[in-house]
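# Summary of structural features
So the chains spell out like this:
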Amino acid sequence: MKNILVATDFSNNAYCALFYVTKLLASKPCTFHLLNVFNELTPLKGKKSKLFVGKKLLEKLKIESEENLTKTMHKIVLDNDNPKHQFQTISEKGILSKIMTKTIDKLYIDLVVMGNKGVTEAADIFFGSNTIQVANIINKCPILAIPGEMDFKEPKEIAFVTDFKKGCAKKSVEPLLFIASLYKAKIRVLHITEEEILNTEQESNKKLLDICLKDVDHTFHWRQLFDDKAKVIQEFLEKLNVDLYSMVNQKHNLFEKLTREPVIKDVSMYSETPFLILPSQDRL
């Protein structure tokens, strides 16, 4: 991972996400691109949010965005103090997910990092609305979502959640394997079972995943679906003291079900655990 895109709205959570990823990749040379996206709906500092239109406002927003990016860059350089790391700033007008998509292609981004809770501190969403919006549009590189204002902890225990209903290509789990290799982490594969046994396709997909994880210390775990999936996952994360958990973002799989289920409301359930969303890849 050489190019990291970190989205920021200058909230404490956004800065914590930036700090977390600099610690996560402390041993690797990389460039962190700090991105702030603004538009007519962005409130000026100290002003109430209103629907403004006009060049004058956008000019003020641009200046404020650039100034805050510079402040953030200076702060992380001081806090990070790592000669292997470089920082660049990007200020753009537009829609976050669209700007990110363009930037990922332009700068050959290897990882996107976001905070789950931003300025709005919305407590009734599974993940921050921007994180979900981005995850549903971007499927070219992994997304690391950092919830709340948390301190960095080396990921020694990593959970990978799957329903085995789709095959997992080696390329999909490469970012997970990379992070696991940095910290000699163990990967705990969690399957939430809705049926008594795996069908033939699921068994085949499990074997493929086992092959993909062959160079990593890993184990398989089954949990019965006794409640909504979010609670089952959370109990598993707590029981095994998981430091980071991950899923592949595939259509019609567990990730999509989780992000669409109306029962999943309480973002605080996941306030302790960073979430790595892996891109779906077709080939092994």
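Above this note sits the structure.
First, a word on scope: everything that follows refers to the structure included in this document. Keep in mind it's a predicted model, so treat the numbers as computed, not measured.

### Quick word on the packing of aromatic side chains
Within the structure shown, the criterion is met by six aromatic pairs. On the numbers, 5.0 Å between centres and 70° between planes, the contact of Tyr20 with Phe152 is edge-to-face. Taken together, the residues span a long stretch of sequence, with Tyr20 in helix H1 (residues 12–24) and Phe152 in the loop between strand S5 (143–146) and strand S6 (157–162) at a distance of 132 residues. By relative accessible area, Tyr20 is classed as buried at 1%. Since its relative accessible area comes to 23%, Phe152 is described here as partly exposed. Ring centres of Phe164 and Trp222 lie 6.1 Å apart, and the angle between their planes is 35°; on these two criteria the pair is classed as tilted. Placement of the pair is Phe164 in the loop between S6 and helix H5 (170–183) and Trp222 in strand S8 (residues 218–224), with a sequence separation of 58 residues. Among the aromatic residues, those joined into a cluster by ring pairs are Tyr20, Phe152 and Tyr183.

### Details of helix H7 (residues 229–239)
Three- or four-residue spacings in an α-helix give side chains the same orientation, since the helix completes a turn every 3.6 residues. Listed as buried for H7 are Lys229, Ala230, Val232, Ile233, Gln234, Phe236 and Leu237. Following H7 by one or two positions, Asn241 adopts a phi angle in the positive range, close to 50°.

Thresholds applied
- Residues numbered from 1 in each chain as written.
- Predicted model: local features only at pLDDT ≥ 70, side-chain atom pairs only at ≥ 80, totals over all residues.
- Heavy atoms only, no water.
- Phe/Tyr/Trp six-rings, centres within 6.5 Å; stacked < 30°, edge-to-face > 60°.
- Helix = DSSP H or I, 4+ residues; strand = E, 2+ residues; numbered from the N terminus.
- Buried < 20%, exposed > 50% of the residue type's maximum accessible area, 1.4 Å probe, protein only.

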